[in-house]
Structure formats: structure tokens, C-alpha cells
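These are the residues of each chain, in order.
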Amino acid sequence: QVQLVESGGGLVQPGGSLRLSCAASLSFFSIYTMGWYRQAPGKQRELVAHITSGPSTNYADSVKGRFTISRDNAKNTVYLQMNSLKQEDTAVYYCNARLPSTDNYWGQGTQVTVSS
């Protein structure tokens, strides 16, 4: 049974930082593209960042320069370092593992709330 478990969410003030972690019980973790998505209330789930096996990275324009995605294949873990947080970053953040045209898995999500 594949499991992606997010952690590290919480309440933070604007301008603050959080680091999210996603631990994956996933065979061949290193070949998966890993991603972070988020969903705010009443809105569609959107891509925040992803990282390939390369590892090359891609970020939503709204988080470029503030967020950094990384992975530790030895730990089967992907991270999202979030700096300079804004109120509009408030959302449930989901971890995703994907193999193109083959596999697509999701975690349960972790709440990030940015508020003063």
C-alpha cells in the first residue's frame, strides 16, 4: 500500500517560514517526480512545485524565490521549504508522487495557515 504522509504544517505569521515534509512508502522512490500541491477553500488544487529524478525543479510563479523543493532519496522524503510566507499561501498542502502515464499518488494533506 503506497502512502504519502505530509507533516510540518501549522500556523505562521506573514513573513515567517515553514518546512513541509512528505515521507513516502513507495518503491523506486527515486524515479518518481515528486510534487507539492495546495488547495485553498473554494478553490482548485494547484501545483506549487515539483522535482524530478534529475533533480530538476519547477515552481508556480506565485512562490518562485520564496519556496524551495528538495528531495532525499535515501530517506524517501521530499521537502518544501517555505519562506516569506504570505496570507495567500494559506491552504492544505498535498504531496504527490507521479510516474508519467503510470502512477499518481496523493498524501492526505497538511494545513498551512498564514495569519497575523
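Look a little higher up for the structure.
Calculation rules
- Residues numbered from 1 in each chain as written.
- Predicted model: local features only at pLDDT ≥ 70, side-chain atom pairs only at ≥ 80, totals over all residues.
- Heavy atoms only, no water.
- Phe/Tyr/Trp six-rings, centres within 6.5 Å; stacked < 30°, edge-to-face > 60°.
- Helix = DSSP H or I, 4+ residues; strand = E, 2+ residues; numbered from the N terminus.
- Buried < 20%, exposed > 50% of the residue type's maximum accessible area, 1.4 Å probe, protein only.
- Core = buried A, V, L, I, M, F, W, Y, C linked by side-chain atoms within 4.5 Å.
- Pairing = 2+ DSSP bridges.

A. Spotlight on the packing of aromatic side chains. By the definition in use, this model includes 2 aromatic pairs. Ring geometry for Tyr 32 against Tyr 105: centres 6.4 Å apart, planes inclined by 45 degrees, an arrangement best described as tilted. Of the two residues, Tyr 32 sits in the loop between strand S3 (18–25) and strand S4 (33–39) while Tyr 105 sits in strand S10 (residues 103–106), which places them 73 residues apart along the sequence. Given a relative accessible area of 5%, Tyr 32 falls into the buried group.

B. Local environment of the nonpolar core. Ranked by internal contacts, the top residues of the largest apolar core, which has 31 residues, are Trp 36, Leu 80, Met 82 and Tyr 93. Of all the secondary structure elements, the ones that give two or more residues to this core are S3, S4, strand S5 (46–51), strand S7 (67–72), strand S8 (77–82), strand S9 (91–99) and strand S11 (110–114).

C. View of the pairing of S3. Where strand S1 (residues 3–7) meets S3, 5 bridges bridge the pair, whose relative direction is antiparallel. Pairing of Leu 4 across the sheet is with Ala 24, part of S3.

D. The arrangement of the pairing of S8 in detail. Taken across its 6 residues, S8 has 5 buried, putting it largely inside the fold. As paired elements, S3 and S8 share 6 bridges and run antiparallel to each other. Counterpart to Ala 23 in the pairing with S8 is Thr 77. Of the strand pairs in this sheet, S7 and S8 are connected by 6 bridges, and their pairing is antiparallel. In the strand pairing of S8, Ile 69 is matched with Leu 80. Between the antiparallel neighbours S7 and S8 lie 4 residues, among them Asn 76 with a positive phi of about 50 degrees.

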